[in-house]
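The chain contents come next:
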Amino acid sequence: MFEKYFAFFGNAVDIDRRFDYLVKIYNHDRLFSFDAFARTVEYCADQMRSLGLTQVELLPLCADGKSAYGGFHLQRAWDARCGLLTDTSDGFLYADYERTPCSLMMYSAATPKDGITAQVVEVEEPEKADAELLRGKFLLTSREPGRVARLAVDAGAVGILSDYFPLFPGTRDSRDEMRGISRWDGSTLGGVNRDGTGLIGFSLSPENADRLRERIHERGSVTLHAYTDCTRYDGVKYTVSGLLPGTDPDAGELLIYGHLYEPGANDNASGCAVSLEIAACLTAAIKAGTLPRPKRSIRFAMGDECTGSAAFLESHPEIAERTVFGVVGDMIGCDITERTKSELWHAPLGNASLADTLISDIFAAYADKDPFPWSDMPFRSGSDNVIGEPSLGIPTVGYIISPALRYHTSGDTPETIDRNVLRRSCILLGTFLLKLAEALPSDLPYYQTLTARVSRNLEGALAQEVRNIAERSLARFLGGTFEPERVAYPEPAAYAASDSGIIPVRTTKGWFTLSGAPELAETYRKAFPFTLDKPISWTDGNRSLWQIYTLTAAECGTEMSEPLWKQFAAFYKDLCRCGYVTLR
């Protein structure tokens, strides 16, 4: 079934070329400065043009802190040129942006030209800290920096020094495993330093933080000098894309997306390098006449995580309309060496399709001949697979190797990349794309079987709805028509009689972030035994509140009850009050 594709990509993938793509992207993005991001995206656009892709576009996104794309806001642009943190007693260097860019927190404020000199105060329990003692000081914490940022601003502190590292059981079990490494903090200071002034931020390696704490305990106080040269401004970020045209423009397109603009070789220069390498393999073989041009077009796109993919589809509704399936590659350059394994993040059940079962078959077939650790996972947010949200109508699967030992740290370098994993990723995603792009008539029975398997382990109304959704996707893929079966929902319970027939209609498409109503989001995240995306994924403007409730409970294995229903109905009324849905 897949051997010819495995053989094609296995022979076509160029080890040096794909690694060169990765290194070039990494060398720019490791600086996580917007001027460097501009060089990244120009490089990717140049590669797409040189490979012969058509419709190469640089789509500008407003990085002004106000513009939203699919519910995601893009931070104001930020450029960094220098960041130094030294001990005034002996000149010991705790952090240096030039040597270790991740040691400077993204969106850090600029200091005066002669820098800032201040004492250090340890803050391990922000809720108990005495704000008066923090004024004009550096706050040293091992807690998540976002937990002390507001305290630091309100108290008039000059900056945050953090050696916080999130732990992932079995992958990153101890902060001490990160010695010599600084964590990348790409968000803490984004909102508090919107005008470019405010807090300075440094991410310290464990040993440098330990040294600083020892000196504080020995001396009673330590004074540090910080100098940062950074600029905050209204700027631009780009989503770059290019098309490999198929032979039949009416057959629609496939989309592969990888995010740029993070400082890791694995996260995510690897995903973008794999995308470029697949394009290189296909275009070279078509040009040489060794591969017939496939029927369906393939679009390669890269940009900001979530924001960039949402902006692309929002800006090009005509492309979204003709895109039949999507796939996302994120952190796909290493596995066992980083104590992690491959995961397939499937589409929400409200947008399930043959893409879900096909990619699982591809992974299983490849693992049979060349074993590697992988697993199927239900839908989860966290990468650009959110473009698979049902309102956009593009069934999308994500291939993600997560979490990783050096995830979001200065240790995520090209030296940690496993070239064999990178090659395997090219073969797996290339096979998925080419198989769907060829759309061979002889594969029709297989596609029908794949579609039937989507709802195989489901029951009741949920099974019927998912079957309809998958069959509709198959008809779209094949260019045929579809007649849905009638879904038999249970009668509303007596306690739901008054609101059960309400039909919520979303006011926007795309991933539902609730960024404009954080208190509402927090309230219902605590109240519900399921994530908020579950009911939203069933909110299609046709289903009633009771039907959405029934599907959500069935999908999550949640017992339906009167208290839960009351919270559920209240949730949608609050969404209406905040402008996220209308109720009819």
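Heads up: the structure comes first, above all this text.
About the cut-offs
- Residues numbered from 1 in each chain as written.
- Predicted model: local features only at pLDDT ≥ 70, side-chain atom pairs only at ≥ 80, totals over all residues.
- Heavy atoms only, no water.
- Helix = DSSP H or I, 4+ residues; strand = E, 2+ residues; numbered from the N terminus.
- Rg over C-alpha atoms; globule rule 2.2 N^0.38 Å.
- Buried < 20%, exposed > 50% of the residue type's maximum accessible area, 1.4 Å probe, protein only.
- Contact = heavy atoms within 4.5 Å.
- Areas by Shrake-Rupley, 256 points an atom, 1.4 Å probe, with all protein chains shown as cover.
- Lys, Arg positive; Asp, Glu negative; His and termini not counted.
- Charge placed at Lys NZ, Arg CZ, Asp CG, Glu CD.
- Pairing = 2+ DSSP bridges.
- Axes fitted to C-alpha atoms, helices over the stretch in contact; angles between N-to-C directions.
- Disulfide = S-S within 2.5 Å.
- Phe/Tyr/Trp six-rings, centres within 6.5 Å; stacked < 30°, edge-to-face > 60°.
- Lys NZ or Arg CZ within 6 Å of the ring centre and 35° of its normal.
- Core = buried A, V, L, I, M, F, W, Y, C linked by side-chain atoms within 4.5 Å.

Counting its secondary structure elements, the protein contains 16 helices and 19 strands. Scaling as 2.2 N^0.38, a compact globule of 584 residues should have a C-alpha radius of gyration of about 25 Å, and the protein matches this with 25 Å. In terms of principal-axis extent, the alpha carbons of the protein reach across some 75 × 65 × 40 Å. Going through the 584 residues of the protein one by one, you find that 59% of them count as buried. Considering only intrachain contacts with a sequence separation of at least 6, the fraction spanning at least 24 residues in the protein is 78%. For the protein, the computed accessible surface area is about 22700 Å², with 50% contributed by carbon and sulfur atoms. Across the protein, the mean location of the 60 positive side-chain charges is 1 Å away from that of the 78 negative side-chain charges.

As a further point, take the sheet that holds strand β8 (residues 159–162). Across the sheet, 7 strands lie side by side as β5-β4-β10-β6-β7-β8-β9; this open sheet has mixed pairing. On the outer flanks of this sheet lie β5 (93–96) and β9 (200–203), each paired with one strand and no other. Each adjacent strand pair in this sheet contributes to an overall mean axis angle of 25°, direction not counted. Pairing of strand β6 (residues 116–122) with strand β10 (residues 223–233) involves 4 bridges; the strand directions are antiparallel. From the neighbouring strand, Ile-116 faces β10, where its bridge partner is Ala-226.

This brings us to the sheet that holds strand β11 (residues 235–244). Strands sit in the order β1-β11-β13-β12-β14-β17-β15-β16 across an open sheet of 8 strands; the sheet is mixed. Each edge of the sheet is formed by a strand with only one pairing partner; in this case those strands are β1 (54–63) and β16 (374–377). The average angle at which neighbouring strand axes cross in this sheet is 20°, direction not considered. Along the sheet, helix α6 (residues 269–288) contacts β11, β12 (253–259), β13 (297–303) and β14 (323–330); its crossing angle with β13, the most-contacted strand, is approximately 150°. Across the sheet, helix α10 (residues 419–438) touches β12, β13, β14, β15 (342–345) and β17 (396–401), and the angle it forms with β14 is around 180°.

Right, let's get into the state of the cysteines. In the structure shown here, the tally under the stated rule is 0 disulfides. Here Cys-272 stays free of any disulfide, with the sulfur of Cys-44 as its closest cysteine sulfur at 5.9 Å.

Tracing the sequence through the fold places Leu-134 in the loop between β6 and β7 (138–141). We classify Leu-134 as buried; its relative accessible area is 3%. Ignoring anything within four residues of it in the chain, the contact list for Leu-134 reads Val-121, Val-123, Ala-129, Leu-139, Leu-151, Ala-155, Gly-156 and Ala-157.

This brings us to the packing of aromatic side chains. Evaluation of the coordinates by the stated rule reveals 34 aromatic pairs. The rings of Phe-2, Phe-6, Phe-325, Phe-363, Tyr-366, Phe-372, Trp-374, Tyr-399, Tyr-446, Tyr-447 and Phe-477 are connected pair by pair, giving a single aromatic cluster. A cation sits over an aromatic face here: Arg-211 above Phe-92, 3.7 Å from the ring centre. Positioned over the ring face of Phe-19 is Arg-419, at 3.8 Å from the centre of the ring.

Note on strand geometry: in a regular strand, side chains alternate between the two faces of the sheet. Taken together, the 3 bridges between strand β4 (residues 77–87) and β5 define a ladder with antiparallel strand orientation. Following the sheet pairing, Leu-85 is matched in β5 by Ala-95. Following β4, the chain reverses through 5 residues before pairing antiparallel with β5; Gly-91 in that reversal takes a positive phi of roughly 80°.

This part is about unusual backbone geometry. With an omega dihedral of 0°, the bond running from Asp-267 to Asn-268 counts as a cis peptide bond. Summarising the element assignment, Asn-268 is placed in the loop between β12 and α6. The omega torsion across Ser-402 and Pro-403 is -10°, close enough to zero to call that bond cis. Tracing the sequence through the fold places Pro-403 in the loop between β17 and α10. With a phi close to 50°, Gln-55 is a non-glycine residue in the positive phi region. Following the sequence through the fold, Gln-55 ends up in strand β1. Gln-55 gets classed as partly exposed once you look at its relative accessible area, which sits at 47%. Phi is positive for His-408, which is not a glycine, with a value near 55°. Residue placement: His-408 occurs in the loop between β17 and α10.

Moving on, we get to the pairing of β11. Burial analysis of β11 places 8 of its 10 residues in the buried class, the great majority of the element. Looking at chain direction, β11 and β13 are connected through 5 bridges and run antiparallel. Looking across to β13, one finds that Leu-243 is bridged to Arg-299.

In terms of nonpolar packing, the biggest core is built from 136 residues, with Leu-85, Leu-161, Leu-204, Leu-212, Leu-282, Phe-300 and Phe-432 touching the most fellow members. No other element matches the 12 residues that α6 contributes to this core. Of all hydrophobic cores here, the second largest spans 36 residues; its members include Phe-512, Ala-521, Tyr-524 and Tyr-580.

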